[in-house]
Amino acid sequence: MSNQSTSLHTTIEPSLGAVLGRVHRQWRSAVNQAVAPLGMTESRWTALMLLKKIGEGCTQQTLASKLSIEMSSLSRTLNQLQQQGLIERRTDPEDKRVHCLWLTPEGAEMVEALAVRIGTIRDEIYAGISEAELDAFASVLVKMEANAVACATHQEKR
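Report on the accompanying structure. (Residues numbered from 1 in each chain as written. Predicted model: local features only at pLDDT ≥ 70, side-chain atom pairs only at ≥ 80, totals over all residues. Heavy atoms only, no water.)

1. Some words on the pattern of salt bridges
Counted by the stated rule, this structure contains three salt bridges. The partner of E42 in a salt bridge is R28, with the nearest N and O atoms 2.4 Å apart. With a gap of 14 residues between them, E42 in helix 3 (residues 42-54) and R28 in helix 2 (residues 16-35) connect regions that are remote in the sequence. Judged by its relative accessible area of 24%, R28 falls in the partly exposed class. For the salt bridge of E88 with R90, the shortest nitrogen-to-oxygen distance reads 3.0 Å. (Salt bridge = Lys/Arg side-chain N within 4 Å of Asp/Glu carboxyl O. Helix = DSSP H or I, 4+ residues; strand = E, 2+ residues; numbered from the N terminus. Buried < 20%, exposed > 50% of the residue type's maximum accessible area, 1.4 Å probe, protein only.)

Next up, the structure:
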């Protein structure tokens, strides 16, 4: 076992979690700057890209849940995307109280334009990092997220 006092993850300043948070903010900032000329804000591009990823026809509540935000927070963004002509809300035929989300043809074009710009930023951020390193990092993040959820759940029960 390595000496914990000299392990990078224990000596990184100010902490591994803080660095992870900074990387996340810097990454999002770079994407925000890249997509701003398309008239996209962070809330709009994240909603559009996730809608494409999880599949059109999902409910507004599903999208809010996957974004880890309250439905009230998502509603404003969806209103803006609808006003821009990028999404449609359709009533669920089985439950008239539920609205499902669909991309318009313009929305599909926007998603493609976003994907190109976001992909460019991702490639720049991944520069000098091998596929094996990225896969290992992704595996560690998934495990850390599961541990964090379990920890939070455990803390709630105390």
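Back to the text.
2. Here we look at unusual backbone geometry
Looking along the chain, the bond that leaves E13 and enters P14 is cis, with omega of -10°. With respect to the helices and strands, the residue P14 is situated in the loop between helix 1 (8-11) and helix 2. A positive phi angle is found at S68, which is not glycine, with a value near 60°. Note on placement: S68 falls in the loop between helix 4 (60-67) and helix 5 (71-83). Given the relative accessible area of 67%, S68 is considered exposed.

3. Some details on the packing of helix 2 against helix 6 (residues 105-125)
Where helix 2 meets helix 6, the axes come as close as 9 Å, and the angle between the chain directions of the two elements is 140°. On the basis of their axis angle, the class for helix 2 and helix 6 is oblique. Remark: the crossing between helix 2 and helix 6 carries right-handed chirality. Two secondary-structure elements touch here, helix 2 through W27, A30, V31, A34 and V35 and helix 6 through L114, R117, I118, I121, R122 and I125. Broken down by class, the residue content of the contact of helix 2 with helix 6 amounts to nine nonpolar, no polar and two charged. (Axes fitted to C-alpha atoms, helices over the stretch in contact; angles between N-to-C directions. Parallel < 35°, antiparallel > 145°, perpendicular 65-115°, else oblique. Left-handed = near helix turned anticlockwise from the far one by under 90°. Contact = heavy atoms within 4.5 Å. Nonpolar A, V, L, I, M, F, W, Y, C, P; charged D, E, K, R; others polar.)

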